[in-house]
Amino acid sequence: MTHSPVTEPFSVRLEVRIYEIDPQLHLNGGFYIQYADHARFACVRAAGVSVEELLDSGLGPVNLETVIKYHRELRGGDEVDVTCDWEWSGGKTYRVHHLLRRADGTVAAEVSHVSGLLDLKTRRLVPDPDREWHTRAAKPELLGLTRRFGP
C-alpha cells in the first residue's frame, strides 16, 4: 500500500454553521461525513478531474465503508481544516483518509472511506480505479497517484 507522495495532503477550511449542531451544541455526526465528502470533491476538482465527465463516461465513485473516529468536539463557529489523503492498493478498492483539525491544530476527528469506481452499466467495481483516476487527472499527485500508466 502506498500513501500520497504529496508532503502535505490536500486540505480545505470550513466553518461549523449553527444549523449543523445538535442538542449537545456540537457538530452533528452526519456532518463529519459531509465535510469529508466536500473535501474529497474539492480535491478531485483541484486535481483537474471533471466529475461530470467521469459520470458521462459511465463511471461513478462509491463509498463502500466509512469509519468516523471522534477525538474532540467541534462547535458552532469553529473553523476546521479537512484533509484528503488517498491510499492505493492496486486492487478494485482504495482508501481515502480525512483528518478534521480545528484552526489551532487539534485533531477533532478522523474519517476514512473504502471506495471504488462503479461501472454504472454493469453495476460492478472497475478492476483498476487508480488507472481511471490517473488518466483523468491533470495533477494526479493530489490523488496520491505517481505511477505512470501506458496508453
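On a predicted model such as this, the values are computed, not experimentally measured, just so you know. (Residues numbered from 1 in each chain as written. Predicted model: local features only at pLDDT ≥ 70, side-chain atom pairs only at ≥ 80, totals over all residues. Heavy atoms only, no water.)

**Focus on unusual backbone geometry**
One non-glycine residue, Leu 25, lies in positive phi territory at about 70°. As for its position among the elements, Leu 25 is in the loop between strand E2 (10–15) and helix H1 (29–46). Given a relative accessible area of 44%, Leu 25 falls into the partly exposed group. The backbone of Arg 123 sits at a positive phi, close to 60°, despite the residue not being glycine. Relative to the helices and strands, Arg 123 is located in the loop between strand E6 (107–119) and strand E7 (124–125). For Arg 123, a relative accessible area of 53% corresponds to the exposed category. (Helix = DSSP H or I, 4+ residues; strand = E, 2+ residues; numbered from the N terminus. Buried < 20%, exposed > 50% of the residue type's maximum accessible area, 1.4 Å probe, protein only.)

**A short note on the side chain of Arg 40**
Along the polypeptide, Arg 40 turns up in helix H1. In this structure the side chain of Arg 40 is engaged in a polar contact, spanning 3.1 Å, whose partner is the side chain of His 98. (Polar contact = N/O pair within 3.5 Å; in protein donor to acceptor, adjacent residues only side chain to side chain.)

**Focus on the packing of aromatic side chains**
Enumeration according to the criterion identifies five aromatic pairs in this entry. Where Trp 86 meets Trp 133, the ring centres are 5.8 Å apart and the plane angle is 65°; that geometry is what we call edge-to-face. Taken as a pair, Trp 86 in strand E4 (residues 79–88) and Trp 133 in helix H3 (residues 129–136) lie far apart in primary sequence, 47 residues in all. Like Trp 133, Trp 86 is buried. An aromatic cluster of three or more residues is present, and its members are Trp 86, Trp 88, Tyr 94 and Trp 133. (Phe/Tyr/Trp six-rings, centres within 6.5 Å; stacked < 30°, edge-to-face > 60°.)

**A look at the pairing of E6**
Sheet topology note: the strand E3 (residues 59–70)/E6 ladder contains eleven bridges and is antiparallel. Within E6, the position partnered with Pro 61 by the bridge is Leu 117. In this structure, strand E5 (residues 93–102) lies alongside E6, joined through nine bridges in antiparallel fashion. Bridge assignment links Arg 95 to a residue of E6, and that residue is Val 114. (Pairing = 2+ DSSP bridges.)

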